[in-house]
Amino acid sequence: MDAGYEAALGLLQIEGFLYWEANRREAHRRARDFTWELPGLTTDQRLVIEEAYARQEMENARQVTQHIAERIGQVEAQYTARHRRFARDTAVAMGVLTMALIGLCIAVILGTAAGTS
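Residues numbered from 1 in each chain as written. Predicted model: local features only at pLDDT ≥ 70, side-chain atom pairs only at ≥ 80, totals over all residues. Heavy atoms only, no water.

Draft legend 1. A look at the overall build of the protein chain. Within the protein chain, the regular secondary structure consists of 2 helices and 0 strands. Relative to the 2.2 N^0.38 estimate, which gives 13 Å for 117 residues, the radius of gyration of the protein chain is 32 Å and therefore markedly larger than a compact globule would have. Taken over the C-alpha atoms alone, the protein chain extends approximately 115 × 35 × 15 Å along its principal axes. Counting the 117 residues in the protein chain, one finds 8% classified as buried. Working note: accessible area of the protein chain is about 9600 Å², and carbon and sulfur atoms make up 66% of it. For the protein chain, the separation between the mean place of its 13 positive charges and that of its 15 negative charges on side chains is 6 Å. (Helix = DSSP H or I, 4+ residues; strand = E, 2+ residues; numbered from the N terminus. Rg over C-alpha atoms; globule rule 2.2 N^0.38 Å. Buried < 20%, exposed > 50% of the residue type's maximum accessible area, 1.4 Å probe, protein only. Areas by Shrake-Rupley, 256 points an atom, 1.4 Å probe, with all protein chains shown as cover. Lys, Arg positive; Asp, Glu negative; His and termini not counted. Charge placed at Lys NZ, Arg CZ, Asp CG, Glu CD.)

If you want it as structure tokens, here you go:
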């Protein structure tokens, strides 16, 4: 791997981590806002609810990300299969066209040779 590719990959990983961390913090904030509106909870109970909510939100985000990655893999496989079919069909069409042109050239040459005899 060249340095440019590794640098780009590193930047993508950093971006992914920062995005993940921002989502985690946002989940904690939403849970904290929700729990502080509930009367009768102790601070420890609020923290447990906040942590459970944030953990669930992160699990949901992980599942969505995994689903997206799987779907991308499926679409790539479909595209690859479609491209192979297209390349194969194009090669067959070019072969048929080439053979037809060769046959036409031979017919013209034989017709010209027969006409001059």
